[in-house]
Structure formats: C-alpha cells, structure tokens
Amino acid sequence: MNKNIVILGTQWGDEGKGKIVDVLTSKNSYVVRYQGGHNAGHTLVIDGKKIVLHLVPSGLLRDDVIGIIAHGVVLSPFALFQEVDMLENLGFHIKNRLFISDMSPLILKYHVAMDIAREKKLGLNALGTTGRGIGPAYEDKISRCSILCGDLKDIKILSVKLEKILDYYNHQFISFYNQPMMYYKDIIKELLPVIDFCHDMIQDTTDMLHNTVKNRKNIIFEGAQGSFLDVDHGTYPYVTSSNSTVGGIMTGTGVGPKHLDYILGITKAYSTRVGNGPFPTELFDDVDKHLSYYGHEFGSTTGRKRRTGWLDIVLLCRAIYLNSLSSLCLTKLDVLDGLKEIKICIAYKNIQTLEVIKYPSMYHLQNMRPIYETHPGWMQKTKGVTKLKDLPNEAQRYIHRIEELTNTPISIISTGPDRLHTIFIKDFTPI
Ligand code: GDP
Ligand code: IMO
Ligand code: MG
C-alpha cells in the first residue's frame, strides 16, 4: 500500500472523488483538503445513506482518521460550523479530529455578496460560479488583504482588519454594484458563536503535516474541483480560482513533491460540467437525457443540472501529464449501461482551420469539435459489480481501450455510489 496518495479530478469536477477518498482511507491516516472551499460537493453513500460534504475531508467519516483543512483552502467558518454540526447530529464524532490552518483565508459575507453581484453584472457572460464567494476570497489573498483563520483568535485584530477591508468592499458595492453597505460590527456579532466553535481547531497545519510525514503516517490528499477548472491549466476564464491540479498540494499544504507517492486521477466514464465554458464533447440529445437521468447529474452544491458529454481522451491525456498521474480510477461505469453505442473523443477538428488536432492549446478550445471512435455498448447491468471478470465483454473492452489510448493503467473502477460498489484492479487492496 502506498503511503501518501493524491486523489484528484481529471475533468471539470464531480468525478466521484469523495467516494474514492472514503473508500481508500484507512484507520489512523490523515485526510487533507488543500484548495477550493465549500464550492466543492463530495457525495458519500454509506449503508445506503447519502451524505454530501463541502469542506470536511471525505475520509473523516471513518473512525480514528484525522482531517486537515490546509491553508490553500478558503474557509467559510459558517459553512464549516453547519457541516460539522450536521455530521455530529448524524453520530459522526469528528470535531476533535478536524484541524484548520491558522493561515486559511476566511470567506465572509462580503465575498459572497461580491461573487453574486459580479455574476449578475456579467449577465449572459456570467461564469456560472457556485456563488459561495470563492473568487473574491482568493482575490483578497493575492492582494494581501485576507482575514485569516488565525485572526479569529483575536477580536481586536479581527475588528481592525474587517473595518479596513469593508471600506474597500463598500466603495465597490455602492458605486459599482448598487448593493447595500456592510458594517464590520454586524459581521463580528454574527461571527462570535463560530469563533468559539473554531477556536480549538485552529492550528499550524503545515507543521502538523511535516510531523505526519516524519512519522510515516498515511496521508490522502483530497482534491476539490477538477483539472480543467484549475485557474492556470483550465478553460480560463471559466475556471475556479485555485490550483486544482497537483501543484496545489505543494503551495496549499507545504508538503513537497517527494512525499507524494501515488497520484490517482478520478475520471468519469463520460464527461460532465456545471457552469459555463467550453465543453467540446457536450451532448444535447437522448444520450444527454440518459446520462443525466441514470447518473443523477445535478450539482451536489447548487443543484444545477450538469451538462453531459462523451469521454474526452484529448483532455484526459492532458490531465495525465499535468498531474503526473500514476493511474486512473474510472467512475460511474454503470451509468453507461443500456446505451447501444458509446463514443470516445480521440482528437479534435479545428473549425476555423479544419486541421485535425491532438494537442490543442486551451486558448483555442472553443474552436475544437470532437472526432469520435464508436464502440458497441452493453445491455447488461454493471451496477454494484465488484470483479472485473463479471463485467460484460464490451465494458471490459471499453476500459481496455481507454488504457490503450491514454497509455495509463486503470487501477480502480466504480460501479455505483456505495463504498462497496468498487472493483480494485491494480495497486490497491480493499480496506
Ligand atoms: P465529487 O465532487 O468528485 O466528489 O463528485 P460528486 O459527489 O459531486 O458527484 C458524483 C456523484 O456520483 C455522486 O452523487 C456520487 O454518489 C455518485 N457516484 C460516485 N461514483 C459512482 C458510480 O460509480 N456510479 C454511480 N451511479 N454513481 C456514482
Ligand atoms: P467538486 O469538488 C463542479 C465550478 C462552478 C463554476 C466554476 C467557478 O464537487 O468537484 P466557483 O464558485 O468555484 O468560483 O465557480 O467552477 N465548480 C465546480 N464544478 N464541481 C465542483 O467541485 C466545483 N467547484 C466549482 O460550477 O463553473
Ligand atoms: Mg462534486
């Protein structure tokens, strides 16, 4: 078993990362979120019960696991409070096993208001954000005016910083966005109960992780979003505001590359995207209806319908090299059950130059149209299958073809939302 495993999305998010993090987390290990915020929605199905996590690392629902929200995450203390409360009420005692970085920038209500106001102003050109304040919170970090989690421990520092930053936000709210002003005293008042709640969780998580690595404990790094929502490598500007590719781990936790032993890329057996932006293999036909219906493709955070499309090998190959992937985990194979034929995009045609392109620049992605290879589908049920040999031949051939086209092994296949609906092929053993 590998010591430190990275689990990240290779598409536009919602690949099924949460389920796989939960499946691969073992006792006494650490699960770390390193970027994003409560824009993420990671769904676990345990004993038939569905639980959606936004901030709490997915493996934490197993006993004796420690959860860390590192400084690369932008943290809404209210969202955290609500989520921990929900889990404690369900009987998961996680509060004393969860730590948050003192250096995490906070998301407060002015970030949310700014996110929503900006999207409204963009009208038809809106990015389709989750409206959780993620972009503005990361902007504050880069402009060096964030309020940090550590500031929650000192009301005086918190008040001075809040008053100053609100001056700037209020100026924009009033003069540009036609929004009401916000007052720092109101925000402090709302924060008081959550300050109490967060107090003991706030730590130097970089140091904690350094000791964890030194003591050779297992760490799972849980990615949020997907590779093509990365602010540097994604379909800019239709991206999130953090590095969801592997680089985000180094800057977002302080753990260096030599400690990343295995990098597992989670890939849906087809594609989905929520929000706006280029999506070369997008479908608008009955197959979209099939994928949407059988895959329950509605956002875990906002409930929006996810756009659907065929698997895109061109982008998948790019995600493999962007993240130095060790292998792939193919999820939601069962959703393809009953389709007569299944397509895989193997290259693009540029609609302006008519050239066939295998390695497009992300800058030109909106001009690319897919070139497909068509495979026979299967009519049998694969849902819940736990052994490769029990999959229909057509499904095995589809899996093998993806390995061939990407030159990358598939080590895990997910055949349903439950922990148990999993096929382990290589490298991993069930827990
Ligand atoms: P994440 O954001 O990457 O963790 O993924 P989400 O939880 O947002 O979306 C994945 C959805 O697919 C969730 O509803 C999961 O319960 C579900 N899911 C995960 N793996 C499988 C699978 O293999 N088959 C099916 N049918 N559903 C799955
Ligand atoms: P998980 O971790 C899918 C998308 C939004 C929007 C863009 C920017 O569950 O895979 P933001 O609110 O981050 O500024 O929105 O990013 N987005 C996601 N799409 N899954 C997610 O997370 C997402 N988090 C953000 O829909 O297009
Ligand atoms: Mg999700």
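In this text the structure is predicted, and so the values were computed from the model without any measurement.

A. Quick peek at the site of ligand 1. Close to ligand 1 lie 18 residues, the nearest being G41, T43, S300, D334 and S414. G41 is positioned with one of its backbone polar atoms (N or O) 2.8 Å from an oxygen atom of ligand 1. A distance of 2.7 Å is found between an oxygen atom of ligand 1 and a side-chain nitrogen or oxygen belonging to S300. Contact with the protein chains hides 94% of the accessible area of ligand 1, taken as 580 Å² for the molecule alone. When each cavity is represented as a set of grid points, ligand 1 is found to reside in the second largest pocket. For the shell around ligand 1, the secondary structure elements donating two or more residues are α1 (17–24) and β3 (42–46).

B. Looking closely at the sheet that holds strand β2 (residues 30–33). Ordered in space as β7-β6-β5-β2-β8-β1-β9-β13-β17-β18, the 10 strands form an open sheet in which the pairing is mixed. Where the open sheet ends on each side, the last strands, each with one partner, are β7 (202–203) and β18 (422–424). In this sheet, strand β9 (residues 262–268) lies alongside strand β1 (residues 4–9) in parallel orientation, the contact comprising five bridges. Each residue of the ladder has a partner; that of I7, found in β9, is L264. Against the sheet, α1 makes contact with β1, β2, β8 (219–226), β9, β13 (327–331), β17 (410–414) and β18, and its axis sits at roughly 175 degrees relative to β8, the strand it touches most.

C. Region of interest: unusual backbone geometry. Between Y236 and P237 the backbone carries a cis peptide bond, its omega angle lying at 5 degrees. With phi around 60 degrees, Q225 is a residue other than glycine that occupies positive phi space. Counting through the fold element by element, Q225 comes out in strand β8. For Q225, a relative accessible area of 8% translates into the label buried. A positive phi angle is found at S324, which is not glycine, with a value near 50 degrees. Here S324 is to be found in the loop between α10 (313–322) and β13.

D. How the structure looks around the nonpolar core. Counting residues in each nonpolar core, the largest one holds 59 residues, and the members touching the most others are L80, Y110 and L264. Apart from the residues lying within four places of it in its own chain, the contact partners of L264 are V6, I7, L8, I20, L24, L325, S327, L328, C329, S411, I412 and F428. By size, the runner-up hydrophobic cluster in this structure holds 48 residues, among which are V246, V335, I344 and I413.

E. Fine view of the coordination of the magnesium ion (ligand 3). Protein-derived coordination of the magnesium ion (ligand 3) comes from D14 (OD) and G41 (O), at a distance range of 2.0 to 2.2 Å. You can see D14 sitting in the loop between β1 and α1 and its partner G41 sitting in the loop between β2 and β3, a full 27 residues away along the chain.

F. Fine view of the site of ligand 2. If you check the shell around ligand 2, you find 20 residues, and the closest are K17, H42, T130, Q225 and T240. Separating an oxygen atom of ligand 2 from a side-chain N or O atom of T130 is a distance of 2.6 Å. Take R304: an N or O atom from its side chain is 2.9 Å from an oxygen atom of ligand 2. Within the shell around ligand 2, the residues separate by chemical class into seven nonpolar, 10 polar and three charged.

G. Summary view of the side chain of T130. Counting through the fold element by element, T130 comes out in the loop between α3 (109–122) and α4 (134–142). Of the residues examined, T130 reaches a relative accessible area of 19% and is grouped as buried. The residues touching T130, leaving out its near neighbours within four places in the chain, are N39, T302 and R304.

H. Just empty space enclosed by the protein, in detail. Overall, the coordinates contain two cavities of 30 Å³ or more when judged by the stated rule. Considering only enclosed or pocket space, the largest cavity measures out at about 70 Å³ in volume. Forming the walls of the largest cavity are T10, Q11, W12, F228, T267, S271, L311, D312, L315 and L316. Taken together, the elements giving at least two residues each to the lining of the largest cavity come down to β12 (311–312) and α10. Tallied by class, the residues present in the lining of the largest cavity amount to five nonpolar, four polar and one charged. Mapping the lining of the largest cavity onto the domain boundaries places at least three of its residues in each of domain 1 (5–102 + 200–259) and domain 3 (266–424).

I. Summary view of the pattern of salt bridges. One pass over the structure, following the stated rule, counts 16 salt bridges. When the shortest N-O distance is used, the salt bridge between D14 and R306 registers 3.0 Å. Taken together, the positions of D14 in the loop between β1 and α1 and R306 in the loop between α9 (286–294) and β11 (307–309) put the pair 292 residues apart, joining distant regions of the chain. R306 shares its class with D14; the two are buried. Through salt bridges with shared partners, a single network forms among D14, K268, E297, R306 and K332.

Basis of the calculations
Residues numbered from 1 in each chain as written. Chains lettered and ligands numbered in written order. Predicted model: local features only at pLDDT ≥ 70, side-chain atom pairs only at ≥ 80, totals over all residues. Heavy atoms only, no water. Near = heavy atom within 4 Å. Polar contact = N/O pair within 3.5 Å; in protein donor to acceptor, adjacent residues only side chain to side chain. Areas by Shrake-Rupley, 256 points an atom, 1.4 Å probe, with all protein chains shown as cover. 1 Å grid on protein atoms, 1.4 Å probe; cavity = no way out; pocket = protein on both sides within 12 Å on 5 of 7 lines; lining within 4 Å. Sits in = over half its atoms within 2 Å of the grid points. Helix = DSSP H or I, 4+ residues; strand = E, 2+ residues; numbered from the N terminus. Pairing = 2+ DSSP bridges. Contact = heavy atoms within 4.5 Å. Axes fitted to C-alpha atoms, helices over the stretch in contact; angles between N-to-C directions. Buried < 20%, exposed > 50% of the residue type's maximum accessible area, 1.4 Å probe, protein only. Core = buried A, V, L, I, M, F, W, Y, C linked by side-chain atoms within 4.5 Å. Donors = N, O, S within 2.8 Å, 3.2 Å for Na, K, Ca; no water. Nonpolar A, V, L, I, M, F, W, Y, C, P; charged D, E, K, R; others polar. Points joined across faces, edges and corners; volume = space filled by probe spheres on them. Domains from an automatic or database assignment. Salt bridge = Lys/Arg side-chain N within 4 Å of Asp/Glu carboxyl O.

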